[in-house]
Amino acid sequence: MHYFQYQQDELYCEEVPIRDIAEEVGTPFYLYSHRTLKRHFNAFDGAFGKVDHLTCFSVKANSNLAILKIFADLGSGMDVVSGGELYRSLLAGTKPEKIVYSGVGKTLKEIEYALKTDILMFNVESLQELTAINHCAGRFNMKARVSLRINPDIDPKTHPYISTGMKSNKFGIDIKHSFEDYLHAKEMEFIEVVGVDCHIGSQLTEVEPFIDALEKLAGLINQLRGQGFAIKYLDLGGGLGIKYDQESPPHPSEYADAIIKCTSGLESTLIFEPGRVLVGNAGILIAEVLYTKSTELKNFIIVDAGMNDLLRPSLYDSFHEILPINRKNKEEMQADIVGPICESGDFLARERVVPKLEQGDLIAAMSAGAYGFTMSSNYNSRTRPAEILVDGKNYHIIRERETWLDLVRGESIPEFLK
Ligand code: LLP
């Protein structure tokens, strides 16, 4: 059962006609289905039900407080990559002992904040970072729990911008000298080594690269155990892909079965950092057609959402299905669906066959729940869209549309210019 469904040619989210929401809050806006979010979390987390594990939602995919609260209440931990994400996660009620902190550029201020909060562990990406964490922990006279993020040099076969576990990427510590780095970590007074971490990329549509990475990590874990390291945690990152178009990614249960099989002898608590697979297909972006125009070469449908609202098509040339909110009109056309931003790269879809759309029609860009709002910006001084959460028959504004006042908040004209 899909929670974005047509009923008599009108698109609904759960039991709410999307048009009703558009009339009240205006467009554009992100729309999330509570039931879908819950179902996705339970499908993922439940697939690992028989093994010791912790699912940490990757906050960068969708960081709205309400979304974080839904996952925290379902027992989720969080994977954070900044002090801001840690702040949000705590505000939404996540238990600190369920928070892992990844990222190549943690600042001292962020490290201190995470130490004071007593999060579960840092996923450390370089020796210098490890030294900085040791130093900070020393000042608080405490031990910082860490895993080293290993770069296993595996090709995840995804878009190059979202591959992270290859030799050429900035992420992690080269598996070749990771053992020596673990030995260094062991010598550090205020560091407690608790695990091994890796994240090889995003939108993976096959299980094999995960398993290849895992096999490399298993070798390292055995070597570390031989040296007396207690590897309590094995963090496998996120990365499981979703269906945007024709992809057929493994179901979480298939992914889980393969991983459980490969990790059965390791006796570590497994940690996962799923983002996209939990929220991607639980959210859509709603926009209104402002104008249509045709040139000799193309039809353009100009909508009120642009690359500042949903950057993925412009940045990765990624596909988002475009659906009309009302599908009564069966006539079709081929068009570029474009936004109001002053850039030719501002499009939601190119050369797409869609039902004939007219001024005032509402459309949905599907599969926009992950890396949609979180990558939005104020480019062209556009206010960022509202976010709405549907729960059965009801809907709630979980983020107000920004105002022009919000746009200039913090700006000032210095005295000498007055
Ligand atoms: N853990 C780490 C350390 C990560 O860097 C990421 C994503 C995740 C977990 C979650 O990965 P997921 O399960 O969502 O694949 N903006 C891009 C995706 C960038 C992913 C960055 N890291 C997009 O819109 O496709």
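The rules behind each value
- Residues numbered from 1 in each chain as written.
- Predicted model: local features only at pLDDT ≥ 70, side-chain atom pairs only at ≥ 80, totals over all residues.
- Heavy atoms only, no water.
- Phe/Tyr/Trp six-rings, centres within 6.5 Å; stacked < 30°, edge-to-face > 60°.
- Helix = DSSP H or I, 4+ residues; strand = E, 2+ residues; numbered from the N terminus.
- Buried < 20%, exposed > 50% of the residue type's maximum accessible area, 1.4 Å probe, protein only.
- Lys NZ or Arg CZ within 6 Å of the ring centre and 35° of its normal.
- Domains from an automatic or database assignment.
- Contact = heavy atoms within 4.5 Å.
- Buried area = accessible area lost by both parts, 1.4 Å probe.
- Salt bridge = Lys/Arg side-chain N within 4 Å of Asp/Glu carboxyl O.
- Pairing = 2+ DSSP bridges.
- Right-handed = clockwise from strand over helix to strand, strands pointing away.

Chemist: An account of the packing of aromatic side chains is needed here, citing residue identities and associated values.
Modeler: In this structure the tally under the stated criterion is 13 aromatic pairs. Relative to Y255, the ring of F210 lies with its centre 5.0 Å away and its plane at 75°, an arrangement referred to as edge-to-face. A residue pair is termed long-range when its members are at least 10 positions apart, and F210 in helix 8 (residues 208-226) and Y255 in helix 9 (residues 252-263) qualify at 45 residues. Take Y255: its relative accessible area is 1%, and that puts it in the buried class. Measuring from centroid to centroid gives 6.2 Å for Y255 and F272, while their planes differ by 65°, and the two rings are edge-to-face. One end of the pair, Y255, is in helix 9; the other, F272, is in strand 13 (residues 269-272), and 17 residues separate them in sequence. The class of F272 is buried, set by a relative accessible area of 0%. Among the aromatic side chains, those forming a connected cluster through ring pairs are F44, F48, F210, Y255 and F272. Taking the ring centre of Y101 as reference, the NZ or CZ of K106 above it sits at 5.5 Å. Over the aromatic face of F347 sits the side chain of R350, whose NZ or CZ is 4.0 Å from the ring centroid.

Chemist: Can you tell me about the domain arrangement of the protein chain, naming the residues and giving the values?
Modeler: Assigned domains within the protein chain: domain 1 (4-32 + 280-408) and domain 2 (34-279). Relative placement of domain 1 and domain 2: their C-alpha centres are 32 Å apart. Listed by partner, the interface residues are 26 residues for domain 1 and 25 residues for domain 2. Summed over both partners, the interface of domain 1 with domain 2 comes to about 2100 Å²; 54% of that surface belongs to carbon and sulfur atoms. When the buried surface of domain 1 facing domain 2 is broken down by residue, Y316, F319 and Y371 rank first, second and third, together holding 25% of it. Our count for the contact surface shared by domain 1 and domain 2 stands at two salt bridges. With its nearest N and O atoms 2.8 Å apart, the salt bridge here joins R35 to E15.

Chemist: Lay out the pairing of strand 8 (residues 121-124) in plain terms, naming residues and giving numbers.
Modeler: Regular strands place their side chains on alternate faces of the sheet. Alternating positions in strand 8 separate into two faces, M121 and N123 on one and F122 and V124 on the other, with burial throughout. Across two bridges, the pairing between strand 7 (residues 99-101) and strand 8 is parallel. By the bridge assignment, Y101 is partnered in strand 8 with F122. The parallel pair strand 7 and strand 8, bridged by helix 5 (residues 108-117), forms a crossover whose chirality is right-handed. For strand 8 and strand 9 (residues 144-151), the ladder comprises three bridges, and the chain directions are parallel. Within strand 9, the position partnered with N123 by the bridge is S147. A crossover links strand 8 with its parallel partner strand 9, the connecting element being helix 6 (residues 127-139), and its sense is right-handed.

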